[in-house]
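Now for the letters of each chain:
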Amino acid sequence: MTEENIDLNRQVEQFLATIREEGAKSCAEIEAKTEAEAEAALADATARETKRADEAIRVATARATAQGNRQMSEGRAALRAELAAQRDALQKDVFALARAKLAAFTQSADYAAWLQKSADTIAAALGKGCTLYARSADLPLVHAPAGCTLAAADDQITLGGLKGASGDAVADDTLEARLAAQHDWFLEHSGLSIDF
């Protein structure tokens, strides 16, 4: 081989080495660029899917929370209704017992004294000229205070006690009125309130 051939071979080798070096460099750049693009695409797809999954979870959580709240509200309403029915039944029993005791009181010796005291209180509140109303059965048990008249009530007084009237002023000291006034007190103090 001649020097010229050797030199030419060396040049060809250098040229081929440069081409290989440039090719390897280009391949490395393409590979790095492809890897960066793939990573960016993967990060973008992951972000989109994460956002979509987060939104799906948010919607499902809101739906489950709303359904849970609705079921809890319905449960509370049903429980309140049940407790109210039990409370009403208990209140009815208590007031039926109280009514029976008041009816027994009207048959006792103390009733006439109580009735007279009620007549005096109503007469003092309404003044002279008032009319006191009592059950027919109670008329013999009470006398009208001075300046007042005593009359039989129509069927307005069923349990006992007195009513009074003078002009536009009225007074109701019947046992029914006293018992009815206890309903609110009973609910307030019985510990049977339904607050939840």
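Everything numeric here is computed off the predicted structure, so don't read it as measured data.

**Regarding the sheet that holds strand 2 (residues 149-152)**
The mixed open sheet is built from four strands, whose spatial order is 2-1-3-4. Of all the strands in the sheet, the pair left with one neighbour each is strand 2 and strand 4 (169-174). Strand-to-strand twist across the sheet, computed as the mean angle between neighbouring axes with direction ignored, equals 20°. The pairing of strand 3 (residues 161-166) with strand 4 spans six bridges and is classified as antiparallel. Paired with L162 across the two strands is D173, which belongs to strand 4. Sheet strands in contact with helix 2 (residues 110-126) are strand 1 (131-134), strand 3 and strand 4, and its direction is about 15° off that of strand 3. Lying over the sheet, helix 3 (residues 175-189) contacts strand 3 and strand 4, oriented at roughly 80° with respect to strand 4.

**Some points on the packing of helix 1 (residues 3-105) against helix 3**
Two elements in contact, helix 1 and helix 3, have axes whose closest approach is 11 Å; the angle formed by their N-to-C orientations is 150°. Handedness of the crossing formed by helix 1 with helix 3: right-handed. On the side of helix 1, the interface is formed by R87, Q91, V94, F95, A98, R99 and L102, while helix 3 contributes L175, E176, L179, Q182, H183, F186 and L187. Split into classes, the residues belonging to the contact of helix 1 with helix 3 amount to eight nonpolar, three polar and three charged.

Analysis parameters
- Residues numbered from 1 in each chain as written.
- Predicted model: local features only at pLDDT ≥ 70, side-chain atom pairs only at ≥ 80, totals over all residues.
- Heavy atoms only, no water.
- Pairing = 2+ DSSP bridges.
- Helix = DSSP H or I, 4+ residues; strand = E, 2+ residues; numbered from the N terminus.
- Axes fitted to C-alpha atoms, helices over the stretch in contact; angles between N-to-C directions.
- Contact = heavy atoms within 4.5 Å.
- Left-handed = near helix turned anticlockwise from the far one by under 90°.
- Nonpolar A, V, L, I, M, F, W, Y, C, P; charged D, E, K, R; others polar.

That's the geometry; what it means functionally is another story.
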